[in-house]
Amino acid sequence: MFSYYLRLAYLSIRRNPILSALMVAAIALGIGASMTTITVNYLMSANPIPHKSQQLFYVQVDSWDPNEPAEEPNEPPDQLTWTDATNLMAAQKAPRQAAMASSAAVVEPPDQDAKPFNAGIRLTFSDFFSMFDTPFLYGGPWDAQQDANKEQVVILSRETNDKVFGGENPVGRSLRIAGRQFTVVGVLADWQPVPRFYDVTTGAFHETEELFMPFLLKQALQLPNGGNTSCWKTPEEDSFEGFLRSECVNYQMWVELPDTQTKQDYLTFLTHYVNEQKALGRFPRPLNNRLSDVMQWMENQQVVADDAKVMLWLSLMFLTVCLLNTIGLLLAKFSGKSSEIGLRRAIGASRTALFYQHLVETACIGLAGGIAGLLLALLGLMGISSLYGEFADNLTSLDLNMVVFALLLSLVCSILAGLYPTWRACNIAPASQLKSQ
Amino acid sequence: MQAFSCLEIGPIFRALSRNKVSALLIALQIAVTLCIVVNAVHILLERRAQMARDSGIDEANSFYISSTGFAADFNQQVTIQTDLDAIRALPGVKDAMQINAIPISGGGWSMGLQTQPGTEFDGVGTAVYMVDEHVLQTLDLELIAGQPFQDTDIRWRQGTQRDWPAQTIVTKALAENLFPDAQYQDVVGKTVYINDDEPILIQGIVDKLQAPWVGWNRVENAMLSPEKTLFSTSTYIIRTEPGRLDELMPKVEQLLADSNKGRVVRGMRSMNETRERSYRRDQAMIKVLSTVMITLTLVTALGIVGLASFSVNRRRKQIGTRRALGASQGSILRYFMLENFIISSVGVLLGALLSLGLNVVLVESLGLTRLHWYLLPIGMLALCLVGLLAVLGPAKRAAAISPAMATRTV
């Protein structure tokens with residue numbers, strides 16, 4: 001029966017090629033526009049580390065100005081001071097923890113002909129790599145002892161390794177960075193979480209850094225501040241050490257807490273820590289500690305751009321217009337077929353049979369529209385990618401989920417659009433249409 | 001004409017009420033289309049206005065480049081002085097200086113200035129540009145009151161130094177923000193406080209200079225601080241004679257790279273490119289919205305054409321009969337146009353309400369501004385016109401139906 005309906009649908013589509021093409025086009029445009037924006041929003045709000053996003057927590061303590069919050073209404077600062085980052089790390093109260101900072105330094109490749117270049121650095125602790133499951137191409141992370149000893153060890157991104165060592169295994173080799181000799185301990189394989197959740201303070205969709213090295217080297221080598229530095233109080237002395245001891249925030253910290261008990265314990269520890277610091281005359285504001293898991297933190301930092309949301313809403317309305325259009329065209333098409341429907345009814349087809357027949361026809365149109373819509377969405381994403389350039393590099397690829405979703409969406413939409421016209425077509429009394437013939 | 005229309009409205013309404021759903025579908029399409037178009041145009045105009053703001057500097061003829069020293073014997077202070085002397089001596093360079101942050105580039109330094117000392121007072125946020133006595137010429141600023149910096153005013157700032165030079169030049173906007181009740185000329189000579197209680201004398205006012213952050217609501221607030229910096233990276237901004245930018249950019253890069261091998265020269269970019277990058281999202285949004293609007297209007301118009309053609313086809317016999325009974329081609333045409341106009345009117349009225357509704361949602365959830373009132377009537381009129389244009393084709397075909405059609409059976 002189904003194949004018979006398919007054949008009827010084919011005949012009917014061929015009989016009205018222009019109307020049918022208009023319908024396919026309308027559905028395709030609607031699906032194309034909404035799939036483009038849905039994809040961008042989907043990738044922006046994607047979970048960058050799904051298997052453990054609920055066990056990773058961003059740490060905030062309120063070390064800010066007594067007279068005003070870091071951000072209204074009563075948000076603690078989005079980063080930590082050096083004092084708090086190093087104290088919390090020294091306490092080791094979570095199963096895994098990593099404070100971090102961004103910086104930059106000049107790299108001098110061993111090859112005399114290669115030009116020195118400036119590279120972005122993520123300063124962090126050894127737990128960073130196990131917490132975030134970073135894939136390694138060569139070698140592996142440094143260890144906690146090397147953190148404590150401020151050893152000059154470095155992990156390179158794959159690209160940096162290609163550039164400096166021609167992609168060969170560099171583990172154990174030495175590299176001059178910031179005027180010092182470093183030992184390469186590892187090379188990361190391609191690793192680009194989207195969003196780059198571990199530090200979103202200067203934008204959520206940046207590339208991962210070129211170099212990773214122990215956090216405490218910041219102090220030892222006096223590495224410059226990257227990212228945002230905010231101060232509510234002027235540092236008390238003119239020196240690098242003075243700046244590190246100040247109330248300026250420039251550091252992020254993540255902890256891994258596998259269950260609610262460890263999370264509770266860590267919150268208790270934070271309360272205890274802040275009270276201790278209050279006794280030393282710091283933390284003039286009321287207690288306001290936060291632990292946010294990955295997705296809560298992305299929400300708090302408003303990682304999905306407002307423009308993307310506006311586009312999403314507009315494109316869904318666009319889809320609505322396209323569907324209204326399709327309903328109108330289907331009404332026109334089916335009422336043009338009223339004599340055929342009357343005839344089929346008169347020779348014994350049931351209403352249910354006719355209903356199915358027309359539903360198959362709309363579904364065919366919907367599917368055709370969906371496929372064409374997917375192609376349009378690909379075009380749309382290419383357009384977005386060329387308009388936004390590097391800002392949208394990681395945000396414009398269609399994955400299998402999205403393809404299936406698009407086809408389902410177009411099927412559901414076209415069937416919904418077809419319900420009323422089909423119902424009306426099937427309600428034709430058999431005799432009325434035969435008379436005028 | 002008037003009389004005819006009145007006579008025709010009755011039959012049109014009766015015909016419409018027989019085909020309520022089709023008419024309603026078109027009206028709804030027009031309503032949602034209007035809603036999208038009006039709100040999209042609103043966003044688009046807002047972005048345009050933002051992008052049209054002047055940064056205050058000579059963007060067409062300016063570029064910047066950074067240098068980071070790494071060699072053990074690298075002397076920052078000597079390098080900066082040598083670099084600046086060499087760049088300024090290049091033919092075609094109008095002027096150049098070191099600066100800590102680039103206007104409208106997205107990255108920079110901000111401080112709070114307050115008119116009374118003390119931690120309990122709020123400061124007015126401002127961008128800080130650390131500049132030397134070449135600032136007016138290099139950034140193309142006009143000193144509209146007070147005194148410019150002299151070379152003796154300029155000090156060297158160490159990497160972690162906290163205190164500030166004793167004088168500053170501020171933008172007119174910042175002067176007016178600090179002292180809302182005074183004329184900007186009278187702000188010269190006043191003392192403001194930085195770091196809660198460190199006094200700074202305002203010695204001059206410049207016309208206009210934007211902060212590095214184009215999305216900041218205080219983007220017109222900037223202060224000039226007379227100092228050169230000894231940070232690990234130093235950035236030079238260079239203004240060329242009109243039209244010589246492309247020729248000088250590679251020359252300056254080469255000059256810096258050759259003059260000192262103990263550093264990395266990087267990040268060279270023209271101000272035009274900087275503007276393009278800073279406003280790229282707005283530019284993209286404008287293009288996306290324009291595409292959406294045009295396609296959507298087309299879809300709606302095609303829908304109207306489709307439905308109108310269909311209704312003309314279905315009424316061929318009636319039209320033939322009317323023609324046979326003496327109706328002119330014009331009156332058939334008028335019939336369809338009027339029918340469409342009635343549907344469109346209902347659609348745009350509904351659409352006006354929807355537009356206001358969507359705007360309220362956008363204002364509340366995403367912080368957009370209120371719709372300009374004049375966009376609604378313009379949008380309504382435009383969509384009615386689109387409707388009439390779309391129906392013109394089918395209506396003409398209807399008018400061309402021969403009266404003889406009345407005698408045929410189908």
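Thresholds applied
- Residues numbered from 1 in each chain as written.
- Chains lettered and ligands numbered in written order.
- Predicted model: local features only at pLDDT ≥ 70, side-chain atom pairs only at ≥ 80, totals over all residues.
- Helix = DSSP H or I, 4+ residues; strand = E, 2+ residues; numbered from the N terminus.
- Rg over C-alpha atoms; globule rule 2.2 N^0.38 Å.
- Buried ≥ 20, exposed ≤ 12 C-beta atoms within 10 Å, placed from the backbone.
- Contact = placed C-beta atoms within 7 Å.
- UniProt positions renumbered as here; feature names shortened; annotations may be inferred.
- Domains from an automatic or database assignment.
- Nonpolar A, V, L, I, M, F, W, Y, C, P; charged D, E, K, R; others polar.
- Pairing = 2+ DSSP bridges.
- Axes fitted to C-alpha atoms, helices over the stretch in contact; angles between N-to-C directions.
- Core = buried A, V, L, I, M, F, W, Y, C linked by C-beta atoms within 7 Å.
- pLDDT = per-residue confidence, 0-100.

### Brief notes about the overall build of chain B
- Helices and strands together make up the secondary structure of chain B, namely 12 helices and 12 strands.
- Relative to the compact-globule value of 22 Å for 410 residues, chain B shows a C-alpha radius of gyration of 33 Å, a clear excess of over 25%.
- When its C-alpha atoms are laid out on the principal axes, chain B stretches across 105 × 50 × 35 Å.
- Scored against the burial criterion, the 410 residues of chain B give a buried share of 40%.
- The long-range share in chain B, meaning contacts at least 24 apart out of those at least 6 apart in sequence, stands at 82%.

### What about the overall build of chain A?
- What chain A contains, in helices and strands, is 15 helices and 11 strands.
- With the principal axes as the frame, chain A shows a C-alpha extent of 100 × 55 × 35 Å.
- The buried share among the 437 residues of chain A stands at 43%.
- Sequence-distant contacts, at least 24 apart, represent 77% of the contacts inside chain A between residues at least 6 apart.

### Quick word on the UniProt feature "transmembrane region" (unreviewed entry) in chain A
Residues and elements named next belong to chain A.
- Look at the UniProt record and you will see "transmembrane region" (unreviewed entry) annotated at residues 21-44, 310-332, 353-382 and 402-423.
- Annotation note: span residues 21-44, helix share 100%, strand share 0%, distance between end C-alpha atoms 34 Å.
- As a span, residues 402-423 carries 100% helix and 0% strand, and end to end its C-alpha atoms are 31 Å apart.

### A short note on the domain arrangement of chain A
Residues and elements named next belong to chain A.
- According to the domain assignment, chain A contains domain 1 (2-45 + 305-435) and domain 2 (56-300).
- On a C-alpha basis, the centroid separation for the pair domain 1 and domain 2 is 50 Å.
- Listed as interface residues are 5 residues of domain 1 and, on the opposing side, 4 residues of domain 2.
- Grouping the amino acids of the side of domain 1 that touches domain 2 by side-chain chemistry returns 4 nonpolar, 1 polar and no charged.

### Structural notes on the domain arrangement of chain B
- If you check the domain split of chain B, you get domain 1 (2-52 + 281-407) and domain 2 (59-274).
- A C-alpha centroid distance of 55 Å is found between domain 1 of chain B and domain 2 of chain B.

### Focus: the sheet that holds strand β11 (residues 233-240) of chain B
Residue and element names in this part refer to chain B.
- With respect to topology, 4 strands assemble into an open sheet ordered β2-β11-β1-β12, the strand pairing being antiparallel. Two strands bound the open sheet, and with one partner strand each, they are β2 (93-99) and β12 (263-270). This sheet shows a mean twist of 20 degrees between the axes of neighbouring strands, independent of strand direction.
- Sheet contacts for helix α3 (residues 76-89): β1 (62-69), β2 and β11; angle to β2, the most-contacted strand, approximately 165 degrees.

### Concerning the nonpolar core
- Of all hydrophobic cores here, the largest spans 223 residues; its most connected members are Ala 99, Val 154, Met 253 and Phe 318 of chain A together with Ile 36 and Val 292 of chain B.
- In this view, Met 253 of chain A contacts Val 59, Leu 80, Ala 85, Leu 88, Gln 97, Ala 98 and Ala 99 of chain A; residues no more than four positions away in its chain are not counted.

### Structural notes on the interface of chain A and chain B
- On the chain B side, the residues contacting the 43 residues of chain A number 43 residues.
- At the level of elements, α2 (17-44), β3 (96-108), β4 (117-124), α8 (240-244), α11 (306-336) and α13 (351-388) of chain A are the ones that each hand at least two residues to the side of chain A that touches chain B.
- In terms of residue count, the dominant contributor to the side of chain A that touches chain B is α11 of chain A (19 residues).
- Split by residue class, the side of chain A that touches chain B holds 27 nonpolar, 11 polar and 5 charged.

### So, the confidence of the model for chain A
- Taken over all residues, the pLDDT of chain A has a mean of 90, while the share at 70 or more is 98%.
- When mean pLDDT is compared element by element in chain A, strand β9 (residues 211-214) of chain A scores highest at 98, while helix α15 (residues 430-435) of chain A scores lowest at 63.

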